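Residue-level listing of the chains:
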Amino acid sequence: MQRTCLVTGGAGFIGTELLRQTLGQYDRVVVLDSLLPQVHATAPELPAGVELVVGDVADASAWAEVVGALRDAGRLDVVHLAAETGTGQSLAEPSRHALANVVGTTRLTEALDAASARPDRIVLASSRAVYGEGAWSFAGELRYPGQRGVEQLSAGQWDFPGAEPVAMRADVVHPDPVSVYGATKLAQEHLLAAWCVAHDVPLTVLRLQNVYGVGQSLTNSYTGILPLFCRMAREGRAIPLYEDGLVRRDFVHVSDVVAAMRAALAASTPGVETLDVGSGEYATVEHVAGVIAAAYGSPAPQVSGDFRHGDVRHAWADTSRTESVLGWAAAVPLDAGLRELVSWVDAQLGAATPTA
Ligand SMILES: NC(=O)c1ccc[n+]([C@@H]2O[C@H](COP(=O)([O-])OP(=O)(O)OC[C@H]3O[C@@H](n4cnc5c(N)ncnc54)[C@H](O)[C@@H]3O)[C@@H](O)[C@H]2O)c1
């Protein structure tokens, strides 16, 4: 039987790596991507054989060409990656994010209906942003402190007093987004789950932590802090650290994320499964900025005390359940991944001149 894969947003960072690794498994790979200028300063290089349809997922007419491919798909897998991804930007441009992420997802299910297509599996790239600040342990009791307000942040009270943050894990911590972006990613989860359950289509929701690695956009200043840090450091600037620099993040290498997506596509579990994808460990932003600054011999990062609404204090994944369900584990150590990223950024932008 013919095998088809539809990848929305397949020309982006994660999508391109996914296509490289999975292309051989399908007879036909169709990508619907608007080639957002903010992400794509130049035309993307997709592997040969990929059918690229340039169009906006929120635009019903953009799906017309794709619907034909869905009709004759044979075995069909769908990976839904297309999204506006700027956490800070989403507060100022909420409709832009809602259109791409929310309406873009309902257009996908309408296209599947128009083609009478029932995929063998849908994989959604969701985000740790759906958790917001997540759960914190107050003397052993899990509570949801919610969004940090202007007063708290302006006073430099970054943490929640008397509480310890808890790793994010879908079957333990409830979603409670604090950014427009996070709210739209949670909406994607609910919209797809409603459609998939009604049509008996298996859905795997992967809540990704901070993905980094070769191929990341070097021009999109709204997302992906590591390339931004590389650019600043190679210009000899001190990297500014928001809050007190001790914000925790789980940086997961793109090859580990794609491995999780491939494992999800290969799974035979029915129903809706929601899993966390990260390295399973956290690093402070101060640490990663320090590693990057040292690689360029640039001045030490400096705490700015600035903050951004929608940014959460700490985020990292407990991946134990993902590991047992998917038989997957993250493999790339952060320091090795950062060295690779720095070399790649230099190869893209030309060698930097260290300042010291
Ligand atoms: N990179 C991360 O750290 C991270 C973390 C959590 C979740 N995710 C999710 O993973 C997915 C892929 O992220 P990425 O890092 O590859 O981002 P990316 O910006 O590199 O790729 C997204 C792609 O979607 C396309 N796109 C955007 N809006 C579109 C629209 N309206 N119609 C059609 N195409 C559109 C863009 O042109 C781009 O090629 C997104 O859904 C994102 O929310 C990413």
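Computed from a predicted model, the values in this text were never measured in an experiment. (Residues numbered from 1 in each chain as written. Predicted model: local features only at pLDDT ≥ 70, side-chain atom pairs only at ≥ 80, totals over all residues.)

Chemist: So what's going on with the environment of Leu91? Which residues, and what values?
Modeler: Here Leu91 lies in helix α3 (residues 87–92). Taking the C-alpha atoms as reference points, Leu91 and Gln348, 257 residues apart in sequence, are found 31 Å from one another. Those residues in contact with Leu91 that lie beyond four places of it in its chain are Ser179, Val180, His309 and Gly310. (Helix = DSSP H or I, 4+ residues; strand = E, 2+ residues; numbered from the N terminus. Contact = placed C-beta atoms within 7 Å.)

Chemist: Lay out the sheet that holds strand β14 (residues 272–277) in plain terms, naming residues and giving numbers.
Modeler: Strands sit in the order β3-β2-β1-β4-β5-β9-β14 across an open sheet of seven strands; the sheet is parallel. Of all the strands in the sheet, the pair left with one neighbour each is β3 (50–54) and β14. Taken pair by pair, the neighbouring strands of this sheet meet at an average axis angle of 15°, ignoring direction. Running at roughly 165° to strand β5 (residues 121–127), helix α6 (residues 180–199) makes contact with β5, β9 (203–208) and β14 of the sheet. (Pairing = 2+ DSSP bridges. Axes fitted to C-alpha atoms, helices over the stretch in contact; angles between N-to-C directions.)

Chemist: Can you tell me about the pairing of β9, naming the residues and giving the values?
Modeler: The element β9 is largely enclosed, with a buried count of six among its six residues. Along β9, one buried face is formed by Leu203, Val205 and Arg207 and the opposite face, lined by Thr204, Leu206 and Leu208, is buried too. With six bridges connecting them, β5 and β9 associate as parallel partners. Along β9, the bridge assignment pairs Ile122 with Leu203. (Buried ≥ 20, exposed ≤ 12 C-beta atoms within 10 Å, placed from the backbone.)

Chemist: Requested: an account of the site of the ligand, with residues and values cited.
Modeler: Lining the immediate surroundings of the ligand are 29 residues, of which Gly9, Gly12, Phe13, Ala83 and Ala125 lie closest. Counting residues per element, the ones that place at least two in the shell around the ligand are α1 (13–22), α4 (94–114), β5 and β10 (210–212). Ranked by residues supplied to the shell around the ligand, first place goes to α1 with three residues. Its residues assigned to classes, the shell around the ligand shows 15 nonpolar, 10 polar and four charged. (Near = placed C-beta within 6 Å. Nonpolar A, V, L, I, M, F, W, Y, C, P; charged D, E, K, R; others polar.)

Chemist: So what's going on with the packing of helix α2 (residues 64–71) against α4? Which residues, and what values?
Modeler: Between α2 and α4, the shortest axis-to-axis distance is 9 Å and the interhelical angle comes to 50°. One element, α2, and the other, α4, form an angle in the oblique class. Where α2 crosses over α4, the two elements pack in a sense that is right-handed. In this structure, α2 uses Val66, Val67 and Leu70 to contact α4, whose residues at the interface are Ala111, Leu112 and Ala114. By residue class, the composition of the contact of α2 with α4 is six nonpolar, no polar and no charged. (Parallel < 35°, antiparallel > 145°, perpendicular 65-115°, else oblique. Left-handed = near helix turned anticlockwise from the far one by under 90°.)

Chemist: Mind laying out α6, listing which residues take part and the relevant values?
Modeler: When the terminal C-alpha atoms of α6 are compared, their 29 Å separation across 20 residues agrees well with the 28 Å that a helix rising 1.5 Å per residue should span. Buried within α6 we find Val180, Tyr181, Gly182, Ala183, Thr184, Lys185, Leu186, Gln188, Glu189, Leu192 and Cys196. Where α6 is buried, its residues contact α3, α4, β5, β9 and β14. Of the residues flanking the end of α6, it is Asp200, one or two places downstream, whose phi is positive at about 55°. (Expected span 1.5 Å × (residues − 1).)

Chemist: How would you summarise α1 if you had to cite specific residues and measurements?
Modeler: The element α1 is largely enclosed, with a buried count of seven among its 10 residues. Looking at α1, one finds that the buried residues are Phe13, Ile14, Gly15, Thr16, Glu17, Leu18 and Leu19.

Chemist: Requested: an account of the pairing of strand β4 (residues 75–80), with residues and values cited.
Modeler: By the criterion of burial, β4 is predominantly enclosed, with five of the six residues buried. Relative to β4, strand β1 (residues 3–8) runs parallel, the two being bridged by six bridges. If you follow Val7 over to β4, its bridge partner there is Val79. Judged from the four bridges that link them, β4 and β5 form a sheet pairing that is parallel. Counterpart to Val78 in the pairing with β5 is Ile122.

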